[in-house]
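Residue-level structure breakdown
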Amino acid sequence: MSYQSQISDMSPRERLAQRATAVIGLLTLLSLGFTVWLGLFITPPDEFMGNLVRLVYVHPPIAWVMFIAYGVAFLSTLLYLWPRTRDLRFDRLAGASSEVGVVFTGLTLISGSIWGRPTWGTWWTWDPLLTTTALLFVMYLGYLALRQLPGDPDARAKRSAIGGLIAFIDVPIVYFAVLWWKSIHQAPTVLDPLTGKTYIHGSMAYTLLLGFVAFTLLFIYLVAKRYRLAGLKDRYESFLLGEAIEDRKREAMPDLSGVYPDSVGNAGAIDVPGQKKRFSDPNVSVGYDAGLRPDQTDDYQKIGLQNNTGADA
Amino acid sequence: MWRDAFLVMQKDMKIELKSKVVVNQVLPFGLVVIFLFGLAIGKVNTSALVTAGSNLSNGGALKDASAGLFWLAVTMSAIIGVQRSFAIETQDQARDALRLSALDPAGIFLGKAGALLIQLAVLELVLGLCASFLFGMHIVTLWLFLLAALLASISLCGVGVVYGALASGARTRETLLPLLFFPVIAPVLLSATKACEAAIVGNPASGMIWIEILAVFSLCYLTLGIAAFGSLLEE
Amino acid sequence: MDLVIDFQNAVFISDGYPVLTGVNMEVRTGEVIHLRGSNGAGKTSLLRAMVGLIPIKSGKAIVLGHDLASDRFDVRKDAGLLGHLSFLYDDLTILDNLRFIQRISRRPKDSVADAIRRVNITDKLAKTKVGRLSTGQRKRTALAALLIRDYRLWLLDEPHAGLDEHGRYLVDQLILDFQSEKGTVVIASHELERAMAVSSRSVIISGGSIIAAENFVDQTLRDAPDRYLGADESTIANWKAKEGSFDVA
């Protein structure tokens, strides 16, 4: 069985998940397309904002997805840290959700900015909602950078979870603080939380709803794909680990061709009279060369085995 | 835990007293930052030099922003303080010494945060005096300012020690500290600035809400640090 | 007969790299084990694993009654590692450092003075900042720290490296003293004669696993320089016949 099939062969449950994801993808495409068509061509322009109102089909749904992504990431992190539910899959979910989340946060800022320019006359304003969202964006970046640090999956997960938790806790505190602030951000125009009245009617309402649905589906699709990718990567790494263990064990076998194992830095390159010359032996494992550890050579790095050596052997 | 915390704090303070790195390097850095803020924002009133008896006031913008600038200077100094706090734990493989000591990790966290807090307090005192001197920042409600400073500093130290542990050890990690630290600490900065502005103006009532937020932050970060530091040290 | 160290097929992964690929090892109280292996074989990693610094991936590993799979933290109270780095604070004096260690391990105050005396550090030297010390002096301080902490197991990584003749003699003496007090020692060392003089048995590690873990079967292996490690008896006999001796060219 080739190593590729060892990694990417799917169990029945995975096959089901893959099919479900494909279906969601199709639905996403359809709903997004429909939203665009409705939003751009069918629905009428607003009496005050004119055509600018069409952004309402895009900007609030994107912001909504940003919140969901954050919520999923936060929840997954908590679930990972809680001993009873500790499972690397939650860590993967947190990572996937954060990656999608950071993209949508960026999109929120951009779409909001585009809406803001004609409406408020400026690309940016330091109102609390905007500032907090920008802050969330940068926090995500830090969290994602933290996730990139090399290490074995458990250590990585724990580290990212704790580092992430500190950042994630910030957000609700701040958003709640924002509620106490007056801002020049849009007063609720769709649904007033106090009175429950809806301000938006007719075809616009349906399009908006469709927009929410479409973008939520997009979120689910993207996270599902990213999650699977993360799972495959982990599987690949543990496969490599198995290989690495075997390779390392093979180091112990004597090489009877006359290689001197501990002649540091002198793999036969210099002519020493009386010493046997080293010839390349395909049976010698990668990197077994003048005291080098396999993970210290380029080939091993290329395979992608993550190791940032801290320990001397 | 408390005993270990005290021992670690005592050790860190002893090292600082003997090496005087914070006093000799970090403090001047903070002063330079404050001065640079003044240069960048404050207006140099050249015409007034000619007119005798004129009121050489610091530009309005500088005075308005003084609380924020003060906190920004404190934060930047704090980051360096955090880096120093972990740099003393041996040049490389910083974690091994602490781990091998078999100290209670929560104690290590509290001890390091405590030592950092003391150093930060001294820093804030000096920088605060400097800011009031250079920016014309006059505080009316002192207790509010001090309370805000205390709570904000606790948050700074808590987050700093946690991220400091995460970001120390390997070269690829050390540059991570500012990226992690600044966004997370920004809300704390903001709240501290608002509370201090209320203290400057002399309106405690408007400042109390910020104090509450600062208290929540401090509590969260301290708890997180105590609970999580052990896992952070281990790999 | 208590097993101080009991490893069975223990695999340890550090930063994604399998530093130890299945270690089988049993050490009893009072033994002094000499750990040998070529560079990159896993000597330092094994010592670090024994003190709980590296997480175990599979297999069984019990050190001084602590199961490293479930609890690798408390083992550090009973086992001490003497590594390449001295884990001392450069800005503090020897005395400060040792006092700190004495306090965190809750040992009596006079243990500091005792330890300083035993490693032959003068009172004047004790008041010097560690940053100013030479390698050898740092090593002695580290040894003093080891003495203060009253461990039951010592893991020494190249303890003779960097020491002058007096220092080396001191290390040997301390090891023997410790052994007589029912302590157990594992020494990783390239200094064959020195280490063998104090050890009761030799263990050879290669490729992350132990390849020879008993008393020497054959005197031949005992005398072999490191570069013949991993070879079987007949190979060694062949080489010995061809080359005549094991002296390094």
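Residues numbered from 1 in each chain as written. Chains lettered and ligands numbered in written order. Predicted model: local features only at pLDDT ≥ 70, side-chain atom pairs only at ≥ 80, totals over all residues. Heavy atoms only, no water.

1. Observations concerning the overall build of chain A
The cut-off we apply is this: The numbering of helices and of strands both runs from the N terminus, where a helix is a DSSP run of H or I of at least 4 residues and a strand a run of E of at least 2. Only protein chains enter the accessibility calculation, which uses a 1.4 Å probe; a residue is then buried when its area is under 20% of its type maximum, exposed when over 50%, and partly exposed in between.
If you tally the helices and strands in chain A, you get 8 helices and 0 strands. Taken from the N to the C terminus, the helices and strands of chain A come in the order α-α-α-α-α-α-α-α. When burial is assessed residue by residue, chain A has 44% of its 313 residues classed as buried.

2. Quick word on the packing of aromatic side chains
Using the following cut-off: Centres within 6.5 Å are what make two rings of Phe, Tyr or Trp a pair, Trp counting through its six-membered ring; a difference in plane orientation under 30 degrees is then read as stacked, over 60 as edge-to-face, and the rest as tilted. By definition here, charges over rings are those cases where NZ of Lys or CZ of Arg is within 6 Å of the ring centre and within 35 degrees of the ring normal.
Under the counting rule described, the total for this entry stands at 15 aromatic pairs over all chains. For the ring pair Tyr89 of chain C and Phe100 of chain C, a centre distance of 6.1 Å and an interplane angle of 70° mean the geometry is edge-to-face. With Tyr89 of chain C in the loop between strand E6 (79-82) and helix H3 (94-104) and Phe100 of chain C in helix H3, the pair connects residues that are 11 residues apart, well separated along the chain. Judged by relative accessible area, Phe100 of chain C falls into the buried class, the value being 10%. Each member of the aromatic cluster is reached from another via a ring pair, and the members are Tyr70, Phe74, Tyr140, Tyr143 and Phe168 of chain A. One cation-aromatic arrangement involves Arg86 of chain A over Tyr80 of chain A; the distance from NZ or CZ to the ring centre is 5.4 Å.

3. Re the packing of helix H4 (residues 88-120) of chain A against helix H5 (residues 128-148) of chain A
Residue and element names in this part refer to chain A. Here is the rule: Angles here are taken between N-to-C directions and fall from 0 to 180 degrees, while the axes themselves are lines fitted to C-alpha atoms, restricted in helices to the stretch in contact. Reported orientations rely on four angle classes, namely roughly parallel under 35 degrees, roughly antiparallel over 145, roughly perpendicular from 65 to 115, and oblique for the rest. Crossing handedness is defined as follows: a turn of the near helix away from the far one that is anticlockwise and smaller than a right angle gives a left-handed crossing, while the clockwise case is right-handed. Here, two residues are considered to be in contact whenever any of their heavy atoms come within 4.5 Å of each other. Residues were grouped as follows: Ala, Val, Leu, Ile, Met, Phe, Trp, Tyr, Cys and Pro as nonpolar; Asp, Glu, Lys and Arg as charged; and all remaining residues, including Gly, as polar.
Following both chains from N to C, one finds H4 and H5 inclined at 150°, their axes separated by 9 Å at the closest point. Overall, the two elements H4 and H5 adopt an arrangement that is roughly antiparallel. Crossing angle aside, the handedness with which H4 passes H5 is left-handed. Together, Asp91, Arg92, Ala94, Gly95, Ser98, Glu99, Gly101, Val102, Thr105, Gly106, Leu109 and Trp120 of H4 and Leu130, Thr133, Ala134, Phe137, Tyr140, Leu141, Tyr143, Leu144 and Arg147 of H5 make up the contact between the two elements. Its residues assigned to classes, the contact of H4 with H5 shows 11 nonpolar, 6 polar and 4 charged.

4. Things to note about the packing of helix H1 (residues 2-19) of chain B against H3 of chain C
Interhelical geometry of H1 of chain B versus H3 of chain C gives an angle of 170° and a closest axis separation of 10 Å. In terms of their interaxial angle, H1 of chain B and H3 of chain C are classed as roughly antiparallel. Counted together, Arg3, Leu7, Val8, Gln10, Lys11, Lys14 and Lys18 of chain B of H1 of chain B and Asp96, Phe100, Arg103 and Ile104 of chain C of H3 of chain C form the full contact between these two elements. Residue classes in the contact of H1 of chain B with H3 of chain C are distributed as 4 nonpolar, 1 polar and 6 charged.

5. Quick notes on the environment of Leu88 of chain C
All names here are of chain C. With respect to the secondary-structure elements, Leu88 resides in the loop between E6 and H3. For Leu88, a relative accessible area of 4% gives the class buried. Separated by 63 residues in the primary sequence, Leu88 and Tyr151 have C-alpha atoms spaced 18 Å apart. Those residues in contact with Leu88, other than ones at most four positions away along the chain, are Asn97, Val130, Arg138, Thr141 and Ala142.

The values are spatial; any link to function lies outside them.
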